[in-house]
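Each chain, written out:
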Amino acid sequence: MSDFKGALTINPFEVALEQLDEAAKLINLDNGLHQILAHPKRVLTVSLPVKLDNNEIRVFTGFRSQHNDARGPYKGGIRYHPQVTIDEVKALSMWMTWKCAIADIPFGGGKGGIVCDPKQMSDLELERMTRRYAYAISDIIGPYTDIPAPDVYTGGKEMAWIMDTYSALKGNYVQPELITGKPLAIGGSLGRTEATGRGLSFTVREAAKMLKLDIRTSTVAVQGFGNAGQFAAQLLEEQGAKVVAVSDSKGGLQSRNGIDIGALRKYKEKKGTIVGFSEGKSISNEEVLETDCTILVPAALENQITKKNAEKISAKIVAEAANGPTTPDADEILYKNKTLLIPDVLANGGGVTVSYFEWLQNLRREYWSESQVNDMLDKNITRAFSDVYSTHEKHQVNMRKASTLLAINRVVDAIKIRGLWP
Ligand code: GLU
């Protein structure tokens, strides 16, 4: 991921705290409640000794941060990446609290991560590391306490190993409701794989209505071509937009005639990267962000849009598929330039929303149809967009502040009603 510069230099937890401070000021939040929200309730660090294929032992470090559970069990993904830090995981867990509150689903916020480079590991090494991690955090996760899910460089495969390990450890019966983002064969939900991108495409549809933009004459640039970026690109293309630039961790492509996303996805599936695809000219990751386009989708890592490049962004809509891609000073620049930013906690909330549907299906031992899942997602995220948009108009603040303050109000309500005990 060396091409995604900036991710290392800015501390995401400081960014998350600054966003909290700004929203707290706007609503005159009581200092004690502010302090509660500034501290995750629990952060666990675990050492994971893993036997590698060459028989050596390597000790990996993993984390699970549980930010807040006032509204329901902690919920959030697990990421595998060489740049994972404890502060990144803490920030991501706070953003999950806001995300679940905005989606108005009965979860709090959590996040996990392991410092590792999964692209350099065999499947067997990944399995041993994942099972060790599941074992190490098994006492703090559970179907009613903390429900993990996929995130950067994890997916159904890892979720299945975690479910299997936990089920064997805790009573030795199958507990699909422990974790979401599972393969269909073990209780995954139809529509979950596409859910983050699909939810994002619905929020862009709503934003376009507000700005009176026609999606069919819009152009799209997508930075990052993982799960969220691929489906965001594909579903915006399905709405009639033309995708003119795409990148992944190895490089980018640009074509004014539009890139065929279906073909590009197949190419990436085979080659593991978009680099070398027959269409378009090659550009860097930074250039993707600055591409002349109507809709920009940062779908990679944190701190990609900063005060250094925010002025160069021409998009009318920025829809954050990634978590934390824009810094607070860049937020202000985009707002001043009248770019409508759909913040991560709203734009990518489709993923956790369908995770909630998966959890409900598991608890009830039901299987819902894909159209049922997609319709419920559409209704939920459209309502969430309208809640954030009206808060932004009412308080005359950017969409990030609007979503943070809306979320804080909902979480604080729950904290106050429950009270402090002991
Ligand atoms: N990792 C995803 C996110 O950041 C999904 C979380 C979940 O489904 O629990 O929203």
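This text follows the structure it describes.
Just so it is clear, the structure is predicted and the values come from calculations on it, not from any experiment.

Right, let's talk about the packing of aromatic side chains for a bit. Going through the model one piece at a time under the given rule, you end up with 8 aromatic pairs. Note on Tyr356 and Trp359: the rings are 6.4 Å apart at their centroids and 35 degrees apart in plane angle, and the pair reads as tilted. Here Tyr356 pairs with Trp359, and both are found in helix α12 (residues 349-364), just 3 residues apart, close to one helical turn. Of the residues examined, Trp359 reaches a relative accessible area of 9% and is grouped as buried. Plain terms: the ring middles of Phe357 and Trp368 are 6.1 Å apart, the flat faces sit at 45 degrees to each other, and that makes the pair tilted. Placement of Phe357 in helix α12 and of Trp368 in the loop between α12 and α13 (370-395) is noted, with a sequence separation of 11 residues between them. Assessed through its relative accessible area of 5%, Phe357 is described here as buried.

This part covers the sheet that holds strand β12 (residues 340-342). Spatially, the 7 strands line up as an open sheet ordered β9-β8-β7-β6-β10-β11-β12, and their pairing is mixed. Of all the strands in the sheet, the pair left with one neighbour each is β9 (281-283) and β12. When strand polarity is set aside, the average angle formed by the axes of neighbouring strands in this sheet is 20 degrees. Relative to strand β8 (residues 251-254), strand β7 (residues 242-248) runs antiparallel, the two being bridged by 4 bridges. Each bridged residue has a counterpart across the sheet, and for Ser247 the counterpart in β8 is Gly252.

The ligand sits among 14 residues. The nearest are Lys75, Lys99, Pro150, Asp151 and Ser355. Within the side chain of Lys99, an N or O atom sits 2.7 Å from an oxygen atom of the ligand. Here an oxygen atom of the ligand and a side-chain polar atom of Lys111 are 2.9 Å apart. In isolation the ligand exposes 300 Å². Once the protein is present, 94% of that is buried. Looking at the shell around the ligand, the elements that each hand over two or more residues are β3 (74-81), α3 (86-103), β5 (146-150) and α12.

With their axes 10 Å apart at the nearest point, α3 and α12 run at an angle of 70 degrees to one another. Classified by the interaxial angle, the pair formed by α3 and α12 is roughly perpendicular. Handedness of the α3/α12 crossing: right-handed. Counting all contacts with α3, which are made through Met96, Lys99, Cys100 and Ala103, the residues of α12 involved are Gly349, Val352 and Thr353.

Its location among the elements puts Pro328 in helix α10 (residues 328-336). Spatially, the C-alpha atoms of Pro328 and Glu22 are 9.7 Å apart, while their sequence positions differ by 306 residues. Here Pro328 is in contact with Val15 and Glu18, once residues within four sequence places are set aside.

So, about the sheet that holds strand β1 (residues 42-51). An order of β1-β2-β4-β3-β5 is seen for the 5 strands of this open sheet, with the pairing classed as mixed. Each edge of the open sheet carries a strand with a single partner, namely β1 and β5. Here the average twist between neighbouring strands, direction ignored, is 20 degrees. Here strand β2 (residues 57-68) runs beside strand β4 (residues 109-115); their pairing, made up of 7 bridges, is antiparallel. Looking across to β4, one finds that Ser65 is bridged to Lys111.

Take the pairing of β3 next. Buried residues dominate β3, accounting for 8 of its 8 residues. Where β3 and β5 come together, 5 bridges link them in parallel fashion. Bridge assignment links Ile78 to a residue of β5, and that residue is Pro150. Here 4 bridges tie β3 to β4, and the two strands are oriented parallel to one another. Across the sheet, residue Ile78 finds its bridge partner in β4, namely Gly112. Between the parallel elements β3 and β4, the chain passes through α3 in a crossover that is right-handed.

Conventions and cut-offs
- Residues numbered from 1 in each chain as written.
- Predicted model: local features only at pLDDT ≥ 70, side-chain atom pairs only at ≥ 80, totals over all residues.
- Heavy atoms only, no water.
- Phe/Tyr/Trp six-rings, centres within 6.5 Å; stacked < 30°, edge-to-face > 60°.
- Helix = DSSP H or I, 4+ residues; strand = E, 2+ residues; numbered from the N terminus.
- Buried < 20%, exposed > 50% of the residue type's maximum accessible area, 1.4 Å probe, protein only.
- Pairing = 2+ DSSP bridges.
- Axes fitted to C-alpha atoms, helices over the stretch in contact; angles between N-to-C directions.
- Near = heavy atom within 4 Å.
- Polar contact = N/O pair within 3.5 Å; in protein donor to acceptor, adjacent residues only side chain to side chain.
- Areas by Shrake-Rupley, 256 points an atom, 1.4 Å probe, with all protein chains shown as cover.
- Parallel < 35°, antiparallel > 145°, perpendicular 65-115°, else oblique.
- Left-handed = near helix turned anticlockwise from the far one by under 90°.
- Contact = heavy atoms within 4.5 Å.
- Right-handed = clockwise from strand over helix to strand, strands pointing away.

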